[in-house]
Amino acid sequence: MTSILKAQKANTSDAAHGNTRKGKRRADDMMDLDASVSDSGEDVEVIPIAKKKKNKQRVLLLSSRGVTHRMRHLMNDLEVILPHVKKDSKLDSKSHLHLLPELADLHNCNNTLYFEARRHEDLYLWAAKMPNGPSIKMHVQNVHTMDELKMTGNCLKGSRGLLSFDKSFDETEWGKLTKELFTHIFGVPPTARKAKPFVDHVLTFSIVDQKIWFRNFQVAHLFAKTIHDTKPLLQIIEKDPLVPNGPPQMTLVEIGPRFVLTPIRIFEGAFGGATVYSNPGNV
C-alpha cells in the first residue's frame, strides 16, 4: 500500500513540474532539436543520410517430374551450400514454364533454379531472374554429388561462400551476363535467414571448351592441428615455422558437388522471350 502511495505522489509531483511525458525522447525529436538550435543559436540544415542498400536475394529451387536419385541428390547438395534457397515441390507440367514467375512471387523469391529432366537421362538447368528475366537454359553433365565423391573437405552448414569466376567470363558478352546472373543466384546475402556469419568455402566457375565447370572448395589452413576432447573437435591454427611473423598459410580442399554446364540459349525474359544468345556448338 505504501509503494502505491509513493508512486501516486511521484506522478503528481511530475505533473506539477510539467513533466507529463513518460519514457525517453524519440530519436526523431532529438534530431529536430539538433536541427533547430545549434551552439551559436542559428538554424542548421540537416543533411539526410543515405540508407545502405540491402542485398535481398532469394532463390526458388524446384524440379520437374521424372528426376532420378542422382539429380535429386544434386539438388539437395545445392540446397545445403546455398542457405538462402527456398525449395518447392515438383512442377507437374514441363510445358507450363510461364507459371514459374507467379510461383516465385508467391514464395517472395527474385531468382529461380529449375531442373528439368527428360527421359530420366538428360538434365537441364534453368537459371532465371524474376520476374522480367533474363534466363539461361543449360545442359547439366558430369554430375558428381557429395556422397559419391567422399572428399576430405568440409565446411560449416549455412556458411556463406566466396564466388570465384574465371577471367574468360569477361571476354564475351554472354559470359558477362552469365557471371552477373550467377552472382545474384549463388551469392548468399549476409541477411539470409539460415546464413551463418562465416566464410569458409569458395564456389568456382570456370569456362573451358565453351562449358562452365563448377567446383566447391573449403578454405583450409595448412598448419592446423585438431584437439580430440570430450567437447566438439577444436582446431588451433599455427603459424608457418618458416615465416613465424607472417599470416597463416591457406589451401583449398574440394568438398563437392561438381558438375559441368553447357549453355544452350539465353532468353530476354523469364523462361521465354527473345533469344539473346544461342550456342552454335550445341547440337
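Residues numbered from 1 in each chain as written. Predicted model: local features only at pLDDT ≥ 70, side-chain atom pairs only at ≥ 80, totals over all residues. Heavy atoms only, no water.

**Here's the deal with a positive patch on the surface**
- On the surface, Lys86, Lys157, Arg193, Lys194 and Lys196 cluster together into a patch of positive charge.
- Its place among the elements puts arginine 193 in the loop between helix H6 (173-186) and strand S7 (196-208). (Patch = residues over 30% accessible without salt bridge, like charges linked within 9 Å, V, L, I, M, F, W, Y side chains within 5 Å. Areas by Shrake-Rupley, 256 points an atom, 1.4 Å probe, with all protein chains shown as cover. Salt bridge = Lys/Arg side-chain N within 4 Å of Asp/Glu carboxyl O. Lys, Arg positive; Asp, Glu negative; His and termini not counted. Charge placed at Lys NZ, Arg CZ, Asp CG, Glu CD. Helix = DSSP H or I, 4+ residues; strand = E, 2+ residues; numbered from the N terminus.)

**What to know about helix H3 (residues 69-81)**
- Taking 1.5 Å per residue as the helical rise, H3 with its 13 residues ought to reach 18 Å, and the 19 Å between its terminal C-alpha atoms agrees with that figure.
- Regarding H3, the residues found buried are Met71, Leu74, Met75, Asp77, Leu78 and Ile81. Looking down the long axis of H3, one finds its buried residues gathered within 160° of arc, a one-sided arrangement. (Expected span 1.5 Å × (residues − 1). Buried < 20%, exposed > 50% of the residue type's maximum accessible area, 1.4 Å probe, protein only. Arc of directions from axis to C-beta.)

**Some thoughts on unusual backbone geometry**
- Proline 131 follows methionine 130 through a cis peptide bond whose omega is 0°.
- Relative to the helices and strands, proline 131 resides in the loop between strand S4 (122-129) and strand S5 (135-144).
- In this model, glycine 133 is joined to proline 134 through a cis peptide bond whose omega is 5°.
- Checked against the element boundaries, proline 134 lands in the loop between S4 and S5.
- Positive phi, close to 55°, is recorded for aspartate 209, a residue that is not glycine.
- Note that aspartate 209 resides in the loop between S7 and strand S8 (211-221).
- Given a relative accessible area of 66%, aspartate 209 falls into the exposed group.

**Considering the pattern of salt bridges**
- All told, the structure shown has eight salt bridges when counted by the stated rule.
- The partner of aspartate 92 in a salt bridge is arginine 65, and the shortest N-O contact between them spans 3.0 Å. Here aspartate 92 is found in the loop between strand S2 (85-87) and helix H4 (100-106), whereas its partner arginine 65 is found in the loop between strand S1 (59-63) and H3, with 27 residues between them in sequence.
- A relative accessible area of 44% means that arginine 65 is categorised as partly exposed.
- Ionic pairing is found between glutamate 254 and arginine 258, a salt bridge with its closest N-O pair at 2.7 Å.

**A closer look at the nonpolar core**
- Formed by 39 residues in total, the largest nonpolar core has its most connected members in Phe115, Val140, Phe182, Phe205, Ile212, Phe259 and Leu261.
- Beyond its immediate sequence surroundings of up to four residues, phenylalanine 259 is in contact with Leu74, Leu78, Val140, Gln141, Asn142, Val143, Ile212, Trp213, Phe214 and Arg215.
- Grouped together as the second largest cluster of nonpolar side chains are 15 residues, Leu97, Cys109, Phe267 and Ala270 included. (Core = buried A, V, L, I, M, F, W, Y, C linked by side-chain atoms within 4.5 Å. Contact = heavy atoms within 4.5 Å.)

**A short note on the layout of surface pockets**
- Of the voids in this model, the second largest pocket is the one considered here, and its volume is about 250 Å³.
- Lining the second largest pocket are 13 residues, and of these Arg58, His84, Lys86, Ala192 and Arg193 lie nearest its centre. (1 Å grid on protein atoms, 1.4 Å probe; cavity = no way out; pocket = protein on both sides within 12 Å on 5 of 7 lines; lining within 4 Å. Points joined across faces, edges and corners; volume = space filled by probe spheres on them.)

**Considerations on H6**
- Look at H6: 20 Å from first C-alpha to last across 14 residues, which is about the 20 Å you get at 1.5 Å a residue.
- By the burial criterion, the buried members of H6 are Trp174, Gly175, Thr178, Leu181, Phe182, Ile185 and Phe186. Viewed along the axis of H6, the buried residues span an arc of 130°, placing them on a single side of the element.

**Some details on the confidence of the model for the protein chain**
- Here the protein chain averages 81 in pLDDT, and 73% of its residues register 70 or above.
- Ignoring residues within four places in sequence, the model shows residues 30-40, a span with pLDDT below 50, making nine contacts including any to other chains.
- Every residue in residues 230-234 scores below 50 in pLDDT, and together they form six contacts with partners more than four places removed in sequence or on other chains. (pLDDT = per-residue confidence, 0-100.)

**With respect to the packing of aromatic side chains**
- A full pass over the atoms with the stated rule returns 12 aromatic pairs.
- Seen from their ring centres, tyrosine 114 and phenylalanine 271 are 6.4 Å apart, and the 80° between their planes marks the pair as edge-to-face. Note that tyrosine 114 is positioned in strand S3 (residues 111-118) and phenylalanine 271 in the loop between strand S12 (258-269) and strand S13 (272-278), a separation of 157 residues in sequence.
- By relative accessible area, which is 0% here, tyrosine 114 ends up buried.
- Using a relative accessible area of 10% as the deciding quantity, one classes phenylalanine 271 as buried.
- Relative to phenylalanine 186, the ring of phenylalanine 182 has its centre 5.4 Å away and its plane inclined at 80°; by these criteria the two rings are edge-to-face. Of this pair, phenylalanine 182 and phenylalanine 186 both sit in helix H6, four residues apart, which is roughly one turn of that helix.
- Look at phenylalanine 182 and you get buried, because its relative accessible area is 1%. (Phe/Tyr/Trp six-rings, centres within 6.5 Å; stacked < 30°, edge-to-face > 60°.)

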